[in-house]
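Tertiary structure, described
Below, each chain spelled out in residue letters.
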2 protein chains.
Amino acid sequence: MQAVNTGKHLILASASPRRRELLAACCLDVEVCPADIDETRRAEESPVELVRRLAEEKAHAAYAALDRSLDVPLLAADTIVWDDAGSVLGKPVDKDDARRMLSLLSGATHHVSTGVCLMAPAGGELREVSFVETTDVRFFELSSAEIAAYVASGEPMDKAGSYGIQGLGRALVRDISGDYANVVGLPVSRVLRELDQLCEGGDFLLSALRGGGA
Amino acid sequence: MQAVNTGKHLILASASPRRRELLAACCLDVEVCPADIDETRRAEESPVELVRRLAEEKAHAAYAALDRSLDVPLLAADTIVWDDAGSVLGKPVDKDDARRMLSLLSGATHHVSTGVCLMAPAGGELREVSFVETTDVRFFELSSAEIAAYVASGEPMDKAGSYGIQGLGRALVRDISGDYANVVGLPVSRVLRELDQLCEGGDFLLSALRGGGA
């Protein structure tokens, strides 16, 4: 899908191609400024607290690294997969780790939370808002042959939780409860509304619904 | 996404490009044989009964029109959008109709049901199975400006219920409960499992998870 140049621009503090595609599908031209931060979880921090803090720290790091004042909104996001025990499932370190995570998710419901932090200029000030969107995802029961086939595809290796819902991993998922794009990596329909709240006369949502153009 | 030729073939009794894409993403090579049937709803027929019957009639019509015996599975499907009053929302007849439907869906939860009928050769016999998958979809509250912007995009005009969740219409949807691909037009993860049940040694699911190949 190609973004129409509408004058709707955004700085994206994330290197994720999936986030860029989701924003382009909402008619947003994105300038990518990835931010490197320490993603270590703090003791006693819940998964939702963690992902909100990571989004905020990414936004602040990207803003600090900007070589100009902020003239368009800046968006930072981080997505985590976690289970009812509060364990966070990151990207697998190797194929054994991917098999371990997929066995854990088999036949069960887990949670996918995306933390989002938005910054925008407003007069001489800088406004900021952050939020967390969570979607529940239920997997089918998976046989070891099914897990082996999916791991052999190579798809799990760069994905939090060892699967991608928008790829071959769609066949693992029985159903979801919540926003679908949030599992892909960014709750875009909520992001558009939060951008409109943050930026007076932004009309991000209207532009996205119209398919670009003024 | 390009389908790998894996020897997994299917006859699709539907002209929907979205269904073809979903099956291709599951590594299925599809031969399209659309079937024309009368889609009139019968008195006292529930939405779920209607969509199951339409899928079965489409499958039978496509099978009858085949110029050879069935050597690979045949899949027919139909998707409907309906509300709690049991009203079915078809494709809009014009822009006013699209606006009417989107106003009806605004701020509310509706249902998307896909009826699927599968036929497959088994020895000298023909096996058949049909099922209905339903996903609940909740819309954000939509202003008349938002509805007007979306109708102006032209996207609603060929879509049941006047929206496409995989297009600009994603921005209308607050959350879903159920299978996402089912709202796009085909519950592929369930279809793969039903195909494996119907066809001994089919390995449709393993092929899809592996990304094609033997």
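Residues numbered from 1 in each chain as written. Chains lettered and ligands numbered in written order. Predicted model: local features only at pLDDT ≥ 70, side-chain atom pairs only at ≥ 80, totals over all residues. Heavy atoms only, no water.

1. Focus on the interface of chain B and chain A
Worth spelling out the cut-off: Note on definitions: a residue-residue contact is assigned when non-hydrogen atoms from the two residues lie within 4.5 Å. Buried area: the accessible surface (1.4 Å probe) lost by two parts on joining, summed over both. In what follows, salt bridge is the name for a side-chain nitrogen of Lys or Arg lying within 4 Å of a carboxyl oxygen of Asp or Glu. Counted as a polar contact is a pair of N or O atoms within 3.5 Å, where, for protein atoms, one must be capable of donating a hydrogen and the other of accepting one, and residues adjacent in sequence contribute only when both atoms are in side chains. The numbering of helices and of strands both runs from the N terminus, where a helix is a DSSP run of H or I of at least 4 residues and a strand a run of E of at least 2. Residues are grouped as follows: nonpolar covers Ala, Val, Leu, Ile, Met, Phe, Trp, Tyr, Cys and Pro; charged covers Asp, Glu, Lys and Arg; every other residue, Gly included, is treated as polar.
Taken together, the contact pairs 34 residues of chain B with 34 residues of chain A. Counting the surface lost from both chain B and chain A, the interface buries some 2700 Å², and carbon and sulfur atoms represent 67% of this. The interface formed by chain B and chain A includes 0 salt bridges. Counting across the chain B and chain A interface gives 6 residue pairs in polar contact (both at pLDDT 80 or more). Elements that contribute at least two residues to the side of chain B that touches chain A include exactly α1 (17-25), α4 (144-152), β7 (173-178), α6 (188-198) and α7 (204-210) of chain B. Of the residues assigned to the side of chain B that touches chain A, the class counts are 22 nonpolar, 5 polar and 7 charged.

2. Quick notes on the confidence of the model for chain A
The condition that has to hold: The predictor attaches a confidence to each residue, and that confidence, scored 0 to 100, is pLDDT.
Confidence along chain A averages 93 in pLDDT terms, with 96% of residues attaining 70 or more. Here residues 1-6 of chain A scores under 50 on pLDDT; set against residues more than four positions off or in separate chains, the count is 16 contacts.

3. Quick notes on the relation of the copies chain B and chain A
Formally: When the copies are superposed, the least-squares fit draws on C-alpha atoms of residues that have pLDDT of at least 70 in both.
Laying chain B over chain A is done by rotating through 180 degrees and shifting 0.0 Å along the axis; what remains is an RMSD of 0.0 Å. Given the turn and translation reported, the copies of this chain are related as if by a two-fold rotation axis. When C-alpha distances to the rotation axis are compared across chain B, the minimum falls at B:Ser177, with a value of 2.2 Å. A shared binding surface is used by both copies, with 100% of the interface residues of chain B retained as interface residues in chain A.

4. Digging into the side chain of A:Thr79
Residues and elements named next belong to chain A. Worth spelling out the cut-off: Per-residue accessibility, obtained with a 1.4 Å probe over protein chains only, is compared with the maximum for each type, and a residue is labelled buried under 20%, exposed over 50%, and partly exposed between these values.
Summarising the element assignment, Thr79 is placed in strand β3 (residues 74-82). Relative accessible area serves as the criterion here: at 18%, Thr79 is assigned to the buried category. A polar contact is formed between the side chain of Thr79 and the side chain of Arg19, at a distance of 2.9 Å. There is a polar contact of 2.9 Å between the side chain of Thr79 and the side chain of Thr114. Aside from chain neighbours lying at most four places away, what touches Thr79 is Arg19, Val51, Val112, Ser113, Thr114, Ala160, Asn182 and Gly185.

5. Digging into the pattern of salt bridges
Residue and element names in this part refer to chain A. Scanning the model with the defined rule gives 26 salt bridges over all chains in all. The shortest N-O distance in the salt bridge between Arg42 and Glu57 comes to 3.6 Å. With Arg42 in the loop between β2 (29-32) and α2 (47-65) and Glu57 in helix α2, this pair connects stretches of sequence that are 15 residues apart. Taking the relative accessible area as the measure of exposure, Arg42 reaches 48% and is therefore partly exposed. Judged by its relative accessible area of 26%, Glu57 falls in the partly exposed class. A salt bridge links Glu133 to Arg190; its shortest N-O distance comes to 2.9 Å. Of this pair, Glu133 sits in strand β6 (residues 125-139) while Arg190 sits in helix α6 (residues 188-198); the two residues are 57 residues apart in sequence, bridging distant segments of the chain. One network of salt bridges, in which partners are shared, links Arg42, Glu45, Arg53 and Glu57.

6. Some words on the packing of aromatic side chains
Residues and elements named next belong to chain A. We apply this condition: Here a Phe, Tyr or Trp ring, Trp counted by its six-membered ring, pairs with any other such ring whose centre lies within 6.5 Å, and the pair is stacked when the planes are under 30 degrees apart, edge-to-face when over 60, and tilted otherwise.
Evaluation of the coordinates by the stated rule reveals 3 aromatic pairs over all chains. A centroid spacing of 4.8 Å and a plane angle of 80 degrees characterise the contact between Phe139 and Tyr163, whose relative ring orientation is edge-to-face. Note that Phe139 is positioned in strand β6 and Tyr163 in the loop between α4 (144-152) and β7 (173-178), a separation of 24 residues in sequence. The two residues Phe139 and Tyr163 agree in class, both being buried.

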